[in-house]
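Single-letter residue listing:
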Amino acid sequence: MKDLQQYRKNYLNQFKERTYGRNLLKTEDPFDSPTEECGIFGLYSENDLDTFSLSQFGLFALQHRGQEACGISVMKNGKIFNIKDEGLVLDVYKEIREPETFMGNSAIGHTRYTTAGDKKKYNFQPFFAKNEYDQIILSIAHNGNLTNAKQLKAELEAEGVVFKATSDSEVILRLIQKNLDLGLRGAIKETMEKIEGAYSVVGITRNKFFAFRDFHGIRPLVLGAIDEKTYVVASESVALDAVGAQYVRDILPGEIVYTNENETGLQSFLVKENCERNICAFEYIYFARPDSALEGINVHEVREKSGEKIWEQAPVEADIVIGVPDSGVPAAIGFSIASGIPFRPVLIKNRYVGRSFIVPTQDMRERLVNLKLNPIISEIKGKRVVIIDDSIVRGTTSKRLVKILKDAGVKEIHFRSVSPPIIAPCYLGIDTPSKDDLISANMSKEELRKYLGVDSLEFLSMENLKEILGSSNHCFGCFTEKYPVPKGEDVDLFK
């Protein structure tokens, strides 16, 4: 047990030095994993500070939420400076030749996952609006998905508003811009009362900072403070840790936090009182970094408990338990604690394999899997193995994992998914396959067991997931096909 506690400590500490990898196998098949659209970060101080470095640190901590593009906007001396490009956080920051230009008293940033057919640079964030003198007057970064964006875009275009991108996030920008004559708070309030869906937003004008969250709090947003004059807002609490900020609380559903030139400190305004809290359950299962806390709940503890619960739900005789790194490891530790079956870090990641391999043949793509993730054969050959994974989406990577283990000489394979079966796509900020491609929506558990070629298969039950989270007030749409908000008439939005 002492060894397990030390491994848990080392496992969590490693992400302070490198980016969190979630599930390396699933990066090989982008359609076999749900992908979060982005991570957002915002920083404001009454004094000038090194926003260049601090925003870089904060966004690096959120790199797992988006790896295709990165961007920042900085408020400096009444002006807004912006840069955004393809690549990882550190790659984009290396392009900045004069860091002093991006040192001001406020900054917002964004890391992006790009959905299919939507990889144009004009869709990278932050988005910004200019005045008639070609000066940036407003910039925002958005995490989530609007379900009525197409309708609102058509209405704005009919009023003469010109759109530069094909992202629903620009609808938020243009609505705020259109209503700025109401004052910043009034413009945001008017915008929130029109848009529907999931959204967490950070933004700046030339002299103000703001952040707000949808009426259900579906996408996460946390508030922290470096000192009494410096505030930080981010998708996850690990970004606060990265810049030396103390966690204060989560931004409330329906809340606007903002600065005002006539008042000191950060102001708060609730657009709607007593909103429900329906944060996405998949944040805890898969998206968030394990050392994050969301809505006061520690992510690593949720994942460990899910492993304990699935042992209680479906015990099995086995020799070792392994987790698919990185996301399956905490649940494997929990399974080991509950069952007494030894945990072994048998699947070894190649930390230096990127996402840029161009492999034209299927045979070579299969070989690439072993280049990214390779087992220690001596630990598992002839053994009965329990494999813990975060979820099963299309089932293709799960099948590849089973093949890796069988090729290594495993005697029995018992597969455990620490999420319920995914039976429906998400319309609220997660890029998931259509229902036709979700294997649990089209196969019974026994059919799926045979397809994967495993000796037993079990999913965490909805009842146990709710018990672990301590509430039924979450978005469970991908498991139940019931969403906190209507999915909208045109679910493809701008595509």
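For the structure, check the block above.
Residues numbered from 1 in each chain as written. Predicted model: local features only at pLDDT ≥ 70, side-chain atom pairs only at ≥ 80, totals over all residues. Heavy atoms only, no water.

Right, let's get into the overall build of the chain. When its secondary structure is counted, the chain shows 17 helices and 23 strands. The 495 residues of the chain split such that 58% are buried. Sequence separation of at least 24 residues holds for 71% of the intrachain contacts in the chain that already meet a minimum separation of 6. About 20,200 Å² of surface is accessible on the chain, with carbon and sulfur atoms providing 48% of the total. (Helix = DSSP H or I, 4+ residues; strand = E, 2+ residues; numbered from the N terminus. Buried < 20%, exposed > 50% of the residue type's maximum accessible area, 1.4 Å probe, protein only. Contact = heavy atoms within 4.5 Å. Areas by Shrake-Rupley, 256 points an atom, 1.4 Å probe, with all protein chains shown as cover.)

A few words on the nonpolar core. As a rule of thumb, soluble globular proteins bury nonpolar side chains together. Counting residues in hydrophobic clusters, the biggest one holds 50 residues, and the most contacted among them are Phe 282, Tyr 284, Val 321, Phe 335, Ile 388, Leu 465 and Phe 479. Elements that contribute at least two residues to this core include exactly helix H1 (2-13), helix H8 (282-287), helix H9 (299-313), helix H10 (329-339), strand E20 (384-389), helix H16 (462-469) and helix H17 (477-480). Beyond its immediate chain neighbours, meaning those up to four positions away, Tyr 284 contacts Ile 279, Leu 294, Glu 295, Ile 297, Val 299, Val 302, Arg 303, Leu 469 and His 474. Counting residues in hydrophobic clusters, the runner-up holds 30 residues, among them Ile 140, Val 171, Ala 187 and Phe 215. (Core = buried A, V, L, I, M, F, W, Y, C linked by side-chain atoms within 4.5 Å.)

Once that is clear, we can look at unusual backbone geometry. Cis geometry marks the peptide bond from Gln 125 to Pro 126; its omega dihedral reads 5°. Along the polypeptide, Pro 126 turns up in the loop between strand E5 (106-112) and strand E6 (127-130). Asp 326 follows Pro 325 through a cis peptide bond whose omega is 0°. Looking at where Asp 326 falls in the secondary structure, it is placed in the loop between strand E17 (320-323) and H10. Even without being a glycine, Asn 77 presents a positive backbone phi close to 50°. Along the chain, Asn 77 falls in the loop between strand E3 (69-76) and strand E4 (79-86). In this model, Glu 295 sits at a positive phi of 55°, which is unusual for a non-glycine residue. The topology assignment puts Glu 295 in the loop between strand E15 (293-294) and strand E16 (297-298).

If you trace the seven strands from one edge of the open sheet to the other, you get E4-E3-E5-E2-E11-E10-E12, paired in antiparallel fashion. Strands with a single pairing partner mark the edges of an open sheet, and in this sheet they are E4 and strand E12 (246-250). Across the sheet, the mean angle from the axis of one strand to that of its neighbour is 15°, orientation sign disregarded. Across seven bridges, E3 lies against E5 in antiparallel orientation. Looking at the pairing, Met 75 lines up with Ser 106 of E5. (Pairing = 2+ DSSP bridges. Axes fitted to C-alpha atoms, helices over the stretch in contact; angles between N-to-C directions.)

If you walk through the whole model with that rule in mind, you get twelve aromatic pairs. Grouped by ring-pair contacts, the aromatic residues Phe 282, Tyr 286, Phe 287 and Phe 479 constitute a single cluster. Just above the ring of Phe 269 sits the side chain of Arg 185; from NZ or CZ to the centre is 4.0 Å. Just above the ring of Phe 215 sits the side chain of Lys 272; from NZ or CZ to the centre is 4.3 Å. (Phe/Tyr/Trp six-rings, centres within 6.5 Å; stacked < 30°, edge-to-face > 60°. Lys NZ or Arg CZ within 6 Å of the ring centre and 35° of its normal.)

Hydrogen bonding along the main chain pairs the strands of a sheet, whether they run parallel or antiparallel. Spatially, four strands are ordered E17-E20-E21-E23 in an open sheet, and the strand pairing comes out parallel. Edge positions in the open sheet fall to E17 and strand E23 (456-459), since each of these has one partner strand only. Going from strand to strand, the sheet's axes swing by 20° on average, the running direction of each strand aside. Alignment of E17 against E20, held across four bridges, turns out to be parallel. Opposite Ile 322, over in E20, you have Ile 387 as the bridge partner. Strand contacts of helix H13 (residues 396-407): E17, E20 and strand E21 (412-417), with the helix running at about 150° to E21, the strand carrying the most contacts.

On to the pattern of salt bridges. Following the criterion strictly, the structure yields 24 salt bridges and no others. Notably, a salt bridge pairs Glu 304 with Arg 8, separated by 2.5 Å at the nearest N-O pair. Taken together, the positions of Glu 304 in helix H9 and Arg 8 in helix H1 put the pair 296 residues apart, joining distant regions of the chain. Linking Asp 85 and Lys 121 is a salt bridge whose minimum nitrogen-to-oxygen distance equals 3.8 Å. A residue pair is termed long-range when its members are at least 10 positions apart, and Asp 85 in strand E4 and Lys 121 in the loop between E5 and E6 qualify at 36 residues. Linked by salt bridges that have partners in common, Arg 65, Arg 219, Glu 236 and Glu 283 make up one network. (Salt bridge = Lys/Arg side-chain N within 4 Å of Asp/Glu carboxyl O.)

Quick look at the packing of H9 against H10 now. Relative to each other, H9 and H10 sit at 45°, their axes nearing to 6 Å. Between H9 and H10, the interaxial angle falls into the category oblique. Crossing geometry of H9 relative to H10 is assigned as right-handed. Contact residues: His 300, Arg 303, Glu 304, Ser 306, Gly 307, Glu 308, Ile 310 and Trp 311 in H9; Pro 330, Ala 331, Ile 333, Gly 334, Phe 335, Ile 337, Ala 338 and Ser 339 in H10. Here the residues of the contact of H9 with H10 are counted per class, giving eight nonpolar, five polar and three charged. (Parallel < 35°, antiparallel > 145°, perpendicular 65-115°, else oblique. Left-handed = near helix turned anticlockwise from the far one by under 90°. Nonpolar A, V, L, I, M, F, W, Y, C, P; charged D, E, K, R; others polar.)

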